[in-house]
There are 2 protein chains.
Amino acid sequence: MQKIPYQNKLYAFIVLVFLVLPTFLKAQHDGAHPKATWIWYPGDYEIWLSNQMQAKRTERGAFFPPLWRYYSPYPLVTFRKKLSLKQDDVVQIHTEGQAKIQLDGKLYYGDPLNLVIPAGEHTLTIKVYNQQKTPSLYVQGNQVHSDGTWEVTYEDKEWIDASGRTSGESGTKWDRVGYWNFNNKQELPSEFQLETKPKKAIQIMPYKKGYLVDFGEETFGFIKLHSLKGSGNLNVYYGESEEEARSEEFCETLDRLKFDGTQPDEFLIDQSRAFRYVNVQPESGITLDSVSMLYEYLPLEYKGAFSSSDELLNEIWNISAYTMHLTSREFFIDGIKRDRWIWSGDAYQSYLMNYYLFNDNPSVKRTTYALRGKEPVNSHINTIMDYSFYWFMGIYDYYLFSGDVDFIKQIYPRMESLMEFCLQRVNENGMMEGLPGDWVFIDWADGLTKEGELSFEQILFARSLETMAICAAINKDDEASNRYRSLAEDLKQKILTQFWSEQQKAFIHNRIDGELTNEVTRYTNMFAVFFNYVSKEKESQILQHVLLNDQVKQITTPYMRFYELEALCALGEQEYVLDEIRDYWGGMLALGATSFWEKYDPTEKGVEQLAMYGRPFGKSLCHAWGASPIYLFGRYYLGVQPTDPGFATYEIKPNLGGLRWIKGKVPTPKGSISVYADRKQIKIRGISGDGKLRFKSRNKPSGVEGIKFLGDHTYEVAIQSSKEYMINYRAF
Amino acid sequence: MQKIPYQNKLYAFIVLVFLVLPTFLKAQHDGAHPKATWIWYPGDYEIWLSNQMQAKRTERGAFFPPLWRYYSPYPLVTFRKKLSLKQDDVVQIHTEGQAKIQLDGKLYYGDPLNLVIPAGEHTLTIKVYNQQKTPSLYVQGNQVHSDGTWEVTYEDKEWIDASGRTSGESGTKWDRVGYWNFNNKQELPSEFQLETKPKKAIQIMPYKKGYLVDFGEETFGFIKLHSLKGSGNLNVYYGESEEEARSEEFCETLDRLKFDGTQPDEFLIDQSRAFRYVNVQPESGITLDSVSMLYEYLPLEYKGAFSSSDELLNEIWNISAYTMHLTSREFFIDGIKRDRWIWSGDAYQSYLMNYYLFNDNPSVKRTTYALRGKEPVNSHINTIMDYSFYWFMGIYDYYLFSGDVDFIKQIYPRMESLMEFCLQRVNENGMMEGLPGDWVFIDWADGLTKEGELSFEQILFARSLETMAICAAINKDDEASNRYRSLAEDLKQKILTQFWSEQQKAFIHNRIDGELTNEVTRYTNMFAVFFNYVSKEKESQILQHVLLNDQVKQITTPYMRFYELEALCALGEQEYVLDEIRDYWGGMLALGATSFWEKYDPTEKGVEQLAMYGRPFGKSLCHAWGASPIYLFGRYYLGVQPTDPGFATYEIKPNLGGLRWIKGKVPTPKGSISVYADRKQIKIRGISGDGKLRFKSRNKPSGVEGIKFLGDHTYEVAIQSSKEYMINYRAF
């Protein structure tokens, strides 16, 4: 993230964005929703769906819902559209819920599938009530149809003026509706299901009274029992490892089923679960022939790609992509076995990986809405202070990668209220410390201090304030933008001056009662690097004294490895990082991983690797934050990143990291960018817009016009179309 | 309300209430809930039930939900109880929703109907998730059972301290649960239905192709069609009047039914409606024999009573009580035909009538919760400014009549947030004017000015601030109490000095741009009297120049007649008021009313009386605010009122109002007070506590010990037990 122009450059480009992007986005929008789509109050469907999804967690059969506050959809909302019809239209109105239909304020008593709207100017208003599901609307006529241009309110206040006249207008706040991809009247949002397809086991072994079944790799779905006959009990024990599936006493998930003999022969268990192995144990009276599954997934296209001369790295990329796909579901979740919850810190990394793999904006938006919930705010996101900050940072990244100004406008009020919640909790020094009810997380690491003012929390807080400044400007609230910018600047200066130790050449972990401790951890130091908060000189000091210093406590979660390796890449240590990836992710593969884990400590032996949280199989073996190579390879080896929102400008800085060749694709809103590089040649297929290819060469490169020399062996080529650019050079 | 000690006396008694009432309330509580009852987050069930009830409004078959914001229950809540068990207990846990059960923080995997809790100290925690209904809990063991002492939170934040330890305690706000009367595990709150009983028509006349049916009086329920045969359409047109039922084109409610021949012979329409007449019109292919109904009602006991030597007044009381009963349903609603909604101004009067008729505290609490909704506040209650104020005033009255400190504590946070909403909307003069989105109502009256600072809104606002001061003190927040008291005092002084016109000897209606207008209306003047805000001298001036002055615009709604007559009673004009009641309510009876109306203008003729809102049958003929004689007779003729919360002290001031005799009962939390008075004798059966009987007599009264002479022909007798007191006297 080193070069993200977080601070000043973006401002200059907001103007550009408002001039250039709207046309593009409108075209994109019209393309995506030429016809009617189901609409709702923004965020409400996402909250409703996430409530259901997150309540699917069980622990050994016991229900285990999230630990944080649940919100709900507004049960009564009003949709509105101002119409200008050239001719009469006959309109069909479908709703999830009971509907009150008004045309120009007059109550309509007729058939909702046959509303005739005469030519001319009209206002169509439809109020929908649904206490159980998200109130939703689908309108289809020849000229009139429900889409993202409709407005909605949850508080359709009738205002009666001094003379007794009623108005539906004054005092009512209207918002743009939310929608996803339910583009058919029969496709009710409340009936959404992920897709499924049948999948067979690779091995079915007789085991005890039943079977031990191996599906060959980590997977997710519904177990199917074949030729199931008789009555009695049958237990299914799931395992991400064979040990777990065999451990009827300690496996994390299980199903205890009772049959009375009337069940269908082919019986599908109604809850989907994560596993590679299942141990199916019928009790007496029950028989079955075989076991298979329905694999359950969100249909997403792998738009990004990466391969190289190193097969191990290619396998790491493939398994990362599969891990990412398994955890990209109704929302971006943490892991598929245990929580199945949306955690903001985890989702933040999923967003970044998504930009380099699926580039699916709706998944980012759904997750962002689900995490935030609604008003009022009375705790941090997931109750974790750092996770509130990642939520803001995720919105900034979304804006940068998508250029979606509409979403920034839509989510901004919720950003404001969460930030006000944070600002009400600062200490007299303007810093945030954990208060009762706050969970200060940072990372799973033994003995990590959470006491006092933590430099890590402040650096995320500063970045969040910068995000607020940018989004306030997009919302044309200059006063708020200036306020947030000034708070961000103040805090950043405090971090740089109050937490930096000239003695240790590093940011110190925390300060207690105004006194710096001696503790140096990697967290703040690595974020300071890729946030571009420190001088080149300090970057070098951090590299030497922290990142490459074995005396500083090692990181053991892929979660923080993500940022550690990112910081090293940002400092040009691509070759070193590849070795780390080979060791760390390669280490998991060597232990038989078919998806990447929640935590990996190479020093642990055998089944120790399966334990966590004091439980023998507590660890998740398929965790989104394990998939970071997707991001690292795309961003720091293929070297593609937007430098202005929506790839209005972007850069490509291929880096071989010592490999013979690398090759891949990075999706953008305007199509994919292809990159190939070996030690003699770079081939780029760009996109329309203002791209810059930058690379180092031992000799003067050739092959295209206008190669610019920037000094220090570095050259630049402007990439302005989607044709292929081929450059001959000599890599360092 | 003249003698309610709103300002100072109450303060002195708060101490008393905290010493005396808890014991009494605890006894009452233990009596009412000796066993388990279903519990939920306070207000959540009420909000859920009211959402459903208020969505039952239809207009000629079209769905017509409320105009204001709907809230929802928290879909995920956690219940908790700290237990101290002398011996092991086996506990059954029933929930509406999925449940996570933890004993002392440990997840329980077993059967929820067989949780064994060992003797000793424990914490039982049960998290319930339900997106569709209110998450509710019923726990039954020998020692453990769910009741009002349980706690609940909607945000069970896990707090992890600096050393990584998890705690379910810190940072989580726990509230006392809500409950009603679901005292059986099978009685699921979500399945609540009002009671029903069959009722026959008094006349079934063949009419057109079907029948015109007369049930003899205003009623409410489900129409039943007997011996219904064939297939085709059948329409039911409902009428509060015969004219309305006959008017297929303009009747307000109707049902259009389609039958395919498979319907049961005895067909019950699934929606309950208000009517006296129904016009049942089968189309060809359909036949039926007869029509009856299921009367639907809330089972409430008439604990209050009133009769007198004037049969017309007795009939007025009876019809008032019936009107009140018809509108006392899941909640106190405005009227049964049209809105079926909970309107705060209407409910405020229902509360007062309830205290003199049913004295049903749960109905007041349900209605108060339903009106207020939850956080955040972003409009006035029902969107009406005055209706926010009545909400506060209703809580004060509830406290005065019930002494229920627990409820005041439970509702206080919602009082605070609504009051902060109000205080954010004052102008620079500290007064509230209508802002966009606010509906300023006052009354249905042609040409009523709503412009500028309205003295009426300020006087309700002042009273609301006084209520806040009292309730803040109950919550031991002295700082807030002082703040509210000082705001109330300031505002009251401004009202008294800035709106009083020495020239007109009256409060002026409004002030525009700091300039008083010349307009005098009754509203502020009558409230100033029974709020006891003005001197005796000004009271007389208001009586003469406003209340008894025909030049001041007449009131035509029973809604404001309520307060007008109350003010007159408070000024001792009981005899005059009886004449008004005979004219106004007697006028409705003379026109055939079987329940009292939303509006009555004696000058209107024939069917004009049925019209309102520009619709020929728009007027409600059964409106709660039409039932005020219940309140007036109990409060100002029987003369019974609490003078301290929960009738810790009370007074009885019988007033014959020119009648030969009056007789009746007023319910209190401690039993009923009976009053009989004629011109020579007063008979009282009081309650335990500190009651004062006051009356005027021409001679020295006798019959009991300790009659105290207070001057001005007035005598006082202390009533301290529930035995009968009989006094001989001579009435004036």
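Here the structure is a predicted model, which is why all the values come from computation and not from measurement.

With reference to specific residues and values, describe the overall build of chain A.
Across its full length, chain A holds 15 helices and 39 strands. For 732 residues, the compact-globule formula gives about 27 Å, and the C-alpha radius of gyration of chain A, at 27 Å, lands near that figure. By its C-alpha atoms, chain A is 75 × 75 × 60 Å across when sized along the principal axes. In chain A, which comprises 732 residues, the share counted as buried stands at 50%. Contacts in chain A between residues at least 24 apart in sequence constitute 73% of all its contacts with a sequence separation of at least 6.

Describe the pairing of strand 19 (residues 229-239) of chain B, listing the residues and the values that go with them.
Residues and elements named next belong to chain B. As paired elements, strand 19 and strand 23 (residues 286-287) share 2 bridges and run antiparallel to each other. By the bridge assignment for strand 23, Gly230 is matched with Ile286. Inspection of the sheet shows strand 19 paired to strand 20 (residues 254-260) by 7 bridges, in the antiparallel sense. When the bridges of strand 20 are listed, Asn235 appears paired with Arg256. Sheet topology places strand 19 next to strand 22 (residues 273-282); 6 bridges connect them, and they run antiparallel. When the bridges of strand 22 are listed, Tyr237 appears paired with Asn279.

Give me the lowdown on the pairing of strand 33 (residues 661-668) of chain A, citing residues and values where you can.
All names here are of chain A. Across the 8 residues that make up strand 33, a large majority, 6, are buried. In this structure, strand 33 lies alongside strand 34 (residues 671-678), joined through 8 bridges in antiparallel fashion. For Trp661, the partnering residue across the bridge sits in strand 34 and is Asp678. What sits between strand 33 and strand 34 in their antiparallel hairpin is a turn of 2 residues.

So, the interface of chain A and chain B: which residues are in play, and what are the values?
Facing 52 residues of chain A, the contacting portion of chain B comprises 52 residues. Those elements that place two or more of their residues in the side of chain A that touches chain B are helix 2 (44-54), strand 3 (62-63), strand 6 (98-103), strand 9 (120-129) and strand 12 (159-160) of chain A. For the side of chain A that touches chain B, the residue count by class is 24 nonpolar, 15 polar and 13 charged.

Talk me through the nonpolar core; I want residue IDs and the actual numbers.
Counting 415 residues, the largest nonpolar core has Val278(A), Ile630(A), Val278(B) and Ile630(B) as the members making the most contacts within it. Beyond its immediate stretch of four places on either side in the chain, Ile630(B) contacts Gly304(B), Trp317(B), Ser320(B), Ala321(B), Met324(B), Met353(B), Tyr356(B) and Leu357(B).

Can you break down the sheet that holds strand 4 (residues 76-85) of chain A residue by residue, with the values?
Residues and elements named next belong to chain A. Pairing in this open sheet of 6 strands is antiparallel, and the strands run 7-6-9-4-11-14 from one edge to the other. Each having just a single partner strand, strand 7 (106-107) and strand 14 (175-176) make up the two edges of the open sheet. Sheet topology note: the strand 6/strand 7 ladder contains 2 bridges and is antiparallel. Within the sheet, the bridge partner assigned to Gln102 lies in strand 7 and is Leu107.

Please set out the relation of the copies chain A and chain B residue by residue, giving values where relevant.
Of the transformation superimposing chain A on chain B, the axial component is 0.0 Å and the angular component is 180 degrees, with the fit at an RMSD of 0.0 Å. Expressed as a symmetry operation, the mapping of one chain copy onto the other fits a two-fold axis. The C-alpha atom lying nearest the rotation axis in chain A is that of Gln132(A); the distance is 2.2 Å. Of all interface residues in chain A, 100% are interface residues in chain B too; the two copies therefore contact each other through one and the same surface.

Break down the domain arrangement of chain A for me, citing the residues and quoting the values.
All names here are of chain A. Each domain of chain A was delimited in the assignment, giving domain 1 (39-191), domain 2 (195-297), domain 3 (299-637) and domain 4 (645-728). Each of domain 2 and domain 3 was reduced to a C-alpha centroid, and the two centroids are 36 Å apart. The interface of domain 2 with domain 3 comprises 16 residues on the first partner and 16 residues on the second. Going through the elements one at a time, strand 18 (210-226), helix 3 (242-246) and strand 22 (273-282) are the ones with two or more residues in the side of domain 2 that touches domain 3. With 3 residues, strand 18 is the largest single contributor of residues to the side of domain 2 that touches domain 3. Its residues assigned to classes, the side of domain 2 that touches domain 3 shows 5 nonpolar, 3 polar and 8 charged.

Give me the lowdown on the packing of helix 8 (residues 405-423) of chain B against helix 9 (residues 455-474) of chain B, citing residues and values where you can.
Residues and elements named next belong to chain B. The contact between helix 8 and helix 9 brings their axes to 9 Å, and the two run at 130 degrees. Classified by the angle their axes make, helix 8 and helix 9 are oblique. Where helix 8 crosses over helix 9, the handedness of that crossing is left-handed. Where helix 8 approaches helix 9, its residues Val405, Ile408, Lys409, Tyr412, Met415 and Met419 are matched on the opposing element by Met468, Cys471 and Ile474. Per-class residue counts for the contact of helix 8 with helix 9 are 8 nonpolar, no polar and 1 charged.

For the environment of Glu195(B), give the residues involved together with the corresponding values.
Residues and elements named next belong to chain B. Mapped onto the elements of the fold, Glu195 is located in strand 16 (residues 195-199). In the structure, Glu195 is positioned 163 residues away from Phe358 in sequence and 17 Å away in space, judged by C-alpha atoms. Excluding its chain neighbours within four sequence positions, the residues that come into contact with Glu195 are Tyr297 and Pro299.

So what about helix 7 (residues 385-402) of chain B? Which residues, and what values?
Residues and elements named next belong to chain B. Its 18 residues give helix 7 an end-to-end C-alpha distance of 26 Å, which sits within 8% of 26 Å, the value for a rise of 1.5 Å per residue. By the criterion of burial, helix 7 is predominantly enclosed, with 18 of the 18 residues buried. Positioned one or two residues after helix 7, Gly403 has a phi angle of 65 degrees, which is positive.

With reference to specific residues and values, describe unusual backbone geometry.
In this model, Glu375(A) is joined to Pro376(A) through a cis peptide bond whose omega is -10 degrees. Topologically, Pro376(A) is positioned in the loop between helix 6 (361-372) and helix 7 (385-402). Of note in the backbone geometry, Asp712(A) takes a positive phi value of approximately 50 degrees without being a glycine. The topology assignment puts Asp712(A) in the loop between strand 37 (708-711) and strand 38 (714-719). Unusually for a residue other than glycine, Asn532(B) sits at a positive phi of about 65 degrees. Take Asn532(B): there are 15 C-beta atoms within 10 Å of it, and that puts it in the partly exposed class.

Summarise the sheet that holds strand 6 (residues 98-103) of chain B; cite the residues concerned and give the values.
All names here are of chain B. Reading across the sheet, the 6 strands line up as 7-6-9-4-11-14 and stay open at both edges, with antiparallel pairing between neighbours. Strands with a single pairing partner mark the edges of an open sheet, and in this sheet they are strand 7 (106-107) and strand 14 (175-176). Across 2 bridges, the pairing between strand 11 (residues 151-153) and strand 14 is antiparallel. Across the sheet, Val152 pairs through a bridge with Asp175, a residue of strand 14.

Before we move on, can you summarise helix 13 (residues 558-570) of chain B with the specific residues and values?
All names here are of chain B. Relative to the 18 Å expected for 13 residues at 1.5 Å per residue, helix 13 spans 18 Å between its end C-alpha atoms, a close match to the ideal helical length. Within helix 13, 13 of the 13 residues are buried, leaving the element largely enclosed by the surrounding structure. One or two positions beyond helix 13, positive phi appears at Gly572, with a value near 85 degrees.

Each value, and the rule that gives it
- Residues numbered from 1 in each chain as written.
- Chains lettered and ligands numbered in written order.
- Predicted model: local features only at pLDDT ≥ 70, side-chain atom pairs only at ≥ 80, totals over all residues.
- Helix = DSSP H or I, 4+ residues; strand = E, 2+ residues; numbered from the N terminus.
- Rg over C-alpha atoms; globule rule 2.2 N^0.38 Å.
- Buried ≥ 20, exposed ≤ 12 C-beta atoms within 10 Å, placed from the backbone.
- Contact = placed C-beta atoms within 7 Å.
- Pairing = 2+ DSSP bridges.
- Nonpolar A, V, L, I, M, F, W, Y, C, P; charged D, E, K, R; others polar.
- Core = buried A, V, L, I, M, F, W, Y, C linked by C-beta atoms within 7 Å.
- Least-squares fit on C-alpha atoms with pLDDT ≥ 70 in both.
- Domains from an automatic or database assignment.
- Axes fitted to C-alpha atoms, helices over the stretch in contact; angles between N-to-C directions.
- Parallel < 35°, antiparallel > 145°, perpendicular 65-115°, else oblique.
- Left-handed = near helix turned anticlockwise from the far one by under 90°.
- Expected span 1.5 Å × (residues − 1).

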